[in-house]
Amino acid sequence: MKMDLWGSFVLTGGGLFVVYVLLPFIVRLYPWIAHKIVFLHFVEHPKVVFKDLKKPESFGLKKTRNFYLDVDEESTIGVWHTLPNDAGDQIDNNDECWEKKLQEGQPIILYLHGNSSSRAQPHRVELMKLLAKLNYHVLALDYRGFGDSTGFPSEDGCVADAYFLYNWIRKRSAEVPVIIWGHSLGTGIGTKLTKQLCDKGEPPDGLILQAPFTNLKHVSKLHPFSALFRFLPWFDWAMLSALDRIGLHFKSDENIASVTVPILLLHAEDDFTIPHELGELLHEEAKRVREMTSGHIHFVSFDKKYKYGHNGLYRSPELPQHIINFVASLKLHTKVTADSVCCDSEMLNENVDSRQYQEKHCSPKKNNQPKTKTINGKTTERPVYDTVLKTAKYLVLSLFVIYVVFPSVMTLYPRIQEKLIFLNFVCWPPFMDVTKPEELGITGVRNFYLDVDEEIKIGAWHLLPKSLVKNETMDFESKLNSGHPIFLYLHGSTGTRGGWHRVQLMKLLTSMDYHVVTLDYRGYADSTGHPSEDGVVADSHFMYRWIKERSGASQVILWGHSLGAAITTKLAKQLCEEGDDPHGVILESPFNNIRDAALSHPFSAPFQHIAFYKKLILDSVAQNNVFFTSDENIAAVKSPVIIMHAEDDLVIPYDLGLKLYKSAQHNRPQDSSPLQFIPLKASFGYGHKHIFQAPELPEIIRNFLGLSQKK
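The following paragraphs examine the structure supplied in this document. (Residues numbered from 1 in each chain as written. Predicted model: local features only at pLDDT ≥ 70, side-chain atom pairs only at ≥ 80, totals over all residues. Heavy atoms only, no water.)

### Focus: the overall build of the chain
The number of helices and strands found in the chain is 24 helices and 18 strands. Here the chain holds 711 residues, and 51% of them are scored as buried. For the chain, the share of sequence-separated contacts (at least 6 apart) that also reach a separation of at least 24 residues comes to 76%. Accessible area of the chain: about 33,500 Å², with a carbon and sulfur share of 55%. (Helix = DSSP H or I, 4+ residues; strand = E, 2+ residues; numbered from the N terminus. Buried < 20%, exposed > 50% of the residue type's maximum accessible area, 1.4 Å probe, protein only. Contact = heavy atoms within 4.5 Å. Areas by Shrake-Rupley, 256 points an atom, 1.4 Å probe, with all protein chains shown as cover.)

Right, here's the structure in full:
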């Protein structure tokens, strides 16, 4: 017991050491990690992953063309140009025609997006649509390294890309107003760009900053991702110093001093990514440091009750009028004379927020400085002591939550365990429409639904072999009798039938000229109901019967992955007991039983050494009738079976797949069809989900189908 508790504390202490000591020091040693975190250019939005940026119409943008500009020898940037809505529908599809449109008088918005994803991220597209409705041109670029632009992002590089596009616009727009609009990280880029333009005497007509910040260090301290670390004494030394070492500053609070053009700042009070207070601070700093002759500055705050957050300001019904008023004010700005310099500075730096916002922020502010202790009339500060005390509190609280609260909740509410097994509430990609599989690049596929019973309807896909993909009006069901082998694919926990690795495997099978039928069990994606062990097996059984009724003499192979392998094994057992053996069973990354899988899962690592873990937590799984005893079920499966497992699988360890294989070896009847175990070396890096990448997989499948035919 003492050793178990000691082991638990050692494991937890090691985890806390990694998080609070090792990770910050790694960032200190390898500052390029901070660079990746700042730009996040490798992160793409789920709705954009499978679409082509060369086709802006596929994102719902009308009157938009895609083109590319060579900034230098190494960097080519992708750009979208969206025309105003009143530009007319008859537009010649050539560069000269589109460029001439820039001279027709409508204001031009140069849109600079924030970090991560590309110009096609949904909230960016919605803003472009709004600006087009207001009859503005919109030109949006992806900086180097983002989207389909080449190169590697840096602060100076992103500003250079924006500067290049700005000059390209100016050469083609005559005297038409050009306004720079930056969002999030794009406000740092936009402010620095505008400073450079003003310094060179080539200022834009206006600057709009949506969700701005003061400087990169300041926003890094307040960002939600830094909440775990900011109380550490070495946070600034280890993590923030990395920004200086890689040349990332984005000092908008300094750059804005040189910005002489009118400025509009927009910020939602419920912005948790870049806190509202940073927009306020930038506004106050701009009023303090800008020259009296500079253009006016407005700060517009959006009430938190509307829940616009960081990306949702385009939904505000008030936003269009704010934009229209700002653009109209630019004409007045150009007529300012020397006499107007005498006007009140408050008139030049007006705050246009609501009355409630004025009352809230114009009232005297309370002193939020940390309290200090007074001894004999003298104040003393104890920053080191307070930091150590705060760190100790965090550690004690973490241990209490991990080893007391969490196990207690699991015991009192065993239904939580069931949720953690199926994870049907976790949907990735989160915004994918499973009713449109063609958007994932799949051809020859239809989406359909089957009523398992009065309450359960399951969603499914049928993918045709590549040789049968001729037209989309064909009768899919009749093609199941074509003689091509049919794979019934049963996926694992989380996600949907449209998960990326699942789609890649289906594409491989159809390219080999096989049918693929897959489903989402009850409670997953667009299927109704709530998952249970018997329920998901019943859904799979129903789908198998549906296939058999339409497939004639075609081979039907069961393929299960992860949790789907356990479902497949139980389904195969039932079919063999019914005298309807499937032609073959393929188990990818399987486990022997749910109890061993739960014990070996990475999530259970902090609890494995606790003496009462098995009793309190694992026994609660049985209370939900979730067993998935594949090592028992496989004893009744007489069909040919192949088990594939990667040695570097961290989700379901390789040893569990090997245990299932050995159990099948010892317990299956002697007259059973062949059993194979195929290990995949850790050096290949297939892990839990990427066995489809193995170059030998097609040959393995063909050989297995040969065994199935002999059966």
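### Concerning a negative patch on the surface
A cluster of acidic residues, Asp 451, Asp 453, Glu 454 and Glu 455, forms a negative patch at the surface. Mapped onto the elements, Glu 454 comes out in the loop between β11 (445–451) and β12 (457–463). Overall, the relative accessible area of 87% leaves Glu 454 in the exposed class. (Patch = residues over 30% accessible without salt bridge, like charges linked within 9 Å, V, L, I, M, F, W, Y side chains within 5 Å. Salt bridge = Lys/Arg side-chain N within 4 Å of Asp/Glu carboxyl O. Lys, Arg positive; Asp, Glu negative; His and termini not counted. Charge placed at Lys NZ, Arg CZ, Asp CG, Glu CD.)

### So, the sheet that holds strand β13 (residues 486–490)
Strand order in the open sheet formed by eight strands is β11-β12-β14-β13-β15-β16-β17-β18, and the pairing between neighbours is mixed. The strands lining the two open edges of the sheet, one partner per strand, are β11 and β18 (675–680). Neighbour-to-neighbour, the strand axes of this sheet turn through a mean angle of 20 degrees, independent of strand direction. As judged from the four bridges shared by β12 and strand β14 (residues 515–519), these two strands associate in the antiparallel manner. Paired with Leu 463 across the two strands is Val 516, which belongs to β14. Packing against the sheet, helix α23 (residues 654–667) makes contact with β16 (584–588), β17 (641–646) and β18, and its axis sits at approximately 165 degrees to β18. (Pairing = 2+ DSSP bridges. Axes fitted to C-alpha atoms, helices over the stretch in contact; angles between N-to-C directions.)

### A short note on the pattern of salt bridges
The tally for this structure, following the rule as stated, stands at 29 salt bridges. We note a salt bridge from Glu 96 to Lys 100, for which the minimum N-O separation is 3.4 Å. With Glu 96 and Lys 100 both in helix α3 (residues 95–100), this residue pair falls four residues apart, about one helical turn. Using a relative accessible area of 51% as the deciding quantity, one classes Glu 96 as exposed. Its salt-bridge partner being Arg 144, residue Asp 161 comes within 2.7 Å of it at the nearest N-O pair.

### Topic: helix α18 (residues 533–551)
In a regular helix each residue adds 1.5 Å, so 19 residues correspond to 27 Å; α18 covers 27 Å between its end C-alpha atoms and thus fits that length. Those residues of α18 that sit buried are Glu 533, Gly 535, Val 536, Val 537, Asp 539, Ser 540, His 541, Met 543, Tyr 544, Trp 546, Ile 547 and Ser 551. (Expected span 1.5 Å × (residues − 1).)

### Brief notes about the nonpolar core
Grouped together as the largest cluster of nonpolar side chains are 62 residues, with contacts concentrated most on Leu 110, Leu 112, Leu 139, Leu 165 and Leu 193. Among the elements that line this core, the one with the most residues is helix α5 (residues 155–173), at eight residues. Leaving out residues up to four positions away in the same chain, Leu 139 has contacts with Phe 67, Val 79, Trp 80, His 81, Leu 102, Ile 108, Ile 109, Leu 110, Tyr 111, Leu 165, Trp 168 and Ile 169. (Core = buried A, V, L, I, M, F, W, Y, C linked by side-chain atoms within 4.5 Å.)

### Some remarks on the environment of Gly 182
Within the secondary structure, Gly 182 sits in strand β5 (residues 178–183). Put simply, Gly 182 and Leu 265 are 83 residues apart on the chain and 9.9 Å apart in space, counted from C-alpha to C-alpha. When sequence neighbours within four positions are dropped, the list of residues in contact with Gly 182 reads Leu 112, Thr 187, Ile 208, Leu 209 and Gln 210.

### Description of the pairing of β17
The buried count for β17 comes to six of six residues, which makes it a mostly enclosed element. As defined by bridge partners, β16 adjoins β17 across four bridges and the pair is classed as parallel. Note on β17: the bridge partner recorded for Glu 588 is Met 644. Across six bridges, β17 lies against β18 in parallel orientation. Bridging from a neighbouring strand, His 645 pairs with Pro 679 of β18. Between β17 and its parallel partner β18, the chain crosses via α23, and the hand of that crossover is right-handed. (Right-handed = clockwise from strand over helix to strand, strands pointing away.)

### Things to note about unusual backbone geometry
In this model, Ala 211 sits at a positive phi of 55 degrees, which is unusual for a non-glycine residue. The topology assignment puts Ala 211 in the loop between β6 (206–210) and α7 (216–222). With relative accessibility at 3%, the residue Ala 211 sits in the buried group. Phi angles above zero are rare outside glycine, and Phe 628 is one such case at about 45 degrees. As for its placement among the helices and strands, Phe 628 is situated in the loop between α21 (613–622) and α22 (630–633).

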